[in-house]
Amino acid sequence: MTGATAEMFGAHPVATSTNADEAAAVLSEVFLPLEISTADGAPDAHMHLNALTLGRTTFGYMRFREPVRIRTAEPVDYHLDIPVRSRMTARAAGSTTVRGTARTAGVFMPGRTVDLDCGDRFAQVSVMIPRRDVHTELERLLDAPVSVPVEFDAAFDLETPGGRAVSQALRLVDEGSRQAHGPLAHPLAVRSLEQVFLHSLLLGQPHNHSAALHSPHRGAGSRAVARAVELLREDPARPWTVGDLASAVFTSVRSLQEGFRRSLDTTPTAYLRRLRLERAREDLLAVGPERVRVTEVAARWGFLHVSRFAAAYADRFGELPSETLGHTRRS
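Given the structure is predicted, the values throughout are model-derived calculations rather than measurements.

Q: Account for the environment of V14, with residues named and values stated.
A: Mapped onto the fold, V14 is located in strand β1 (residues 13-19). Judged by relative accessible area, which is 43%, V14 ranks as partly exposed. In the structure, V14 is positioned 307 residues away from P321 in sequence and 38 Å away in space, judged by C-alpha atoms. Once residues within four sequence positions are removed from consideration, V14 is found in contact with V26, V30, L49, N50 and A51.

Here it is in structure tokens:
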């Protein structure tokens, strides 16, 4: 991954192994059944693994000392492998060969075994994404049933806008995973990160449904928009996704987005963010600085970066969150 220098997910170490069988057992437990052998056939294979689960998606960082060969069983889910040190060559059954580097990742489909040849001192970020989550999120985006499974292009260029979006989503997960009481402790923030990652992948990496995703679509009616606004105002703390909201008002994601743009000159996500900023301000005004911190209020309302929260808050209310807390002290 371009720009990745530190070991990712370092706050979540899983295991360190010294031989190929141990390494295979650990990776099989976290990801999927696989076999590992060294390039020269020796038993030594030093591996370290960090991993965590966000919602239903598994994120991992693995590094090897020796060159290794990995052969997987048929995966049930989608897998994204991003080399961050050295190189790998991946061959998936029925697919093209991917030559992975820090600029080129591999996307692997359910039901197809994968053979990876990994270079000396190889390291990569691996993400296992449930097939049903990819399928469900695509149907929400399309507002139509999907009978043909998603078939991504195998080679993922991380220097494209879509690649940069996925890399940024991974960095958000990594940063959150290092904070004991950070965003990953809040269900709202977890769901937001899941959706950011899935949307970045579905909209950023070409696949067999990409043309349908980018085709024009008729917008939702004003009644659906009004009901959606009502639902958001009633419960802005709920971990709403645009798909959840569209389902609740019996329309499609794209129709609802177009309806918000046409009726309110905004998006459902931006409208919800504004509501949450308002509720955050209410919280800051309701209690003194001795009883609450800006970071706590930001996380409570799903803002993953305090600096961005402060900037959005200042843009909306003309003062920083800390200044609002200062008002409560003076009063």
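Next comes the rest of the description.
Q: I'd like a description of the pairing of strand β9 (residues 104-108), backed by residues and values.
A: The two faces of a sheet get side chains in turn, since along a regular strand they alternate between them. In terms of burial, β9 is a largely internal element, four of the five residues being buried. Pairing geometry for strand β6 (residues 78-85) and β9, over three bridges, is antiparallel. Residue pairing for β9: H79 is matched across the bridge by F108. As paired strands, β9 and strand β12 (residues 155-157) are joined by three bridges and run antiparallel to one another. If you follow T104 over to β12, its bridge partner there is D157.

Cut-offs and rules
Residues numbered from 1 in each chain as written. Predicted model: local features only at pLDDT ≥ 70, side-chain atom pairs only at ≥ 80, totals over all residues. Heavy atoms only, no water. Helix = DSSP H or I, 4+ residues; strand = E, 2+ residues; numbered from the N terminus. Buried < 20%, exposed > 50% of the residue type's maximum accessible area, 1.4 Å probe, protein only. Contact = heavy atoms within 4.5 Å. Pairing = 2+ DSSP bridges.

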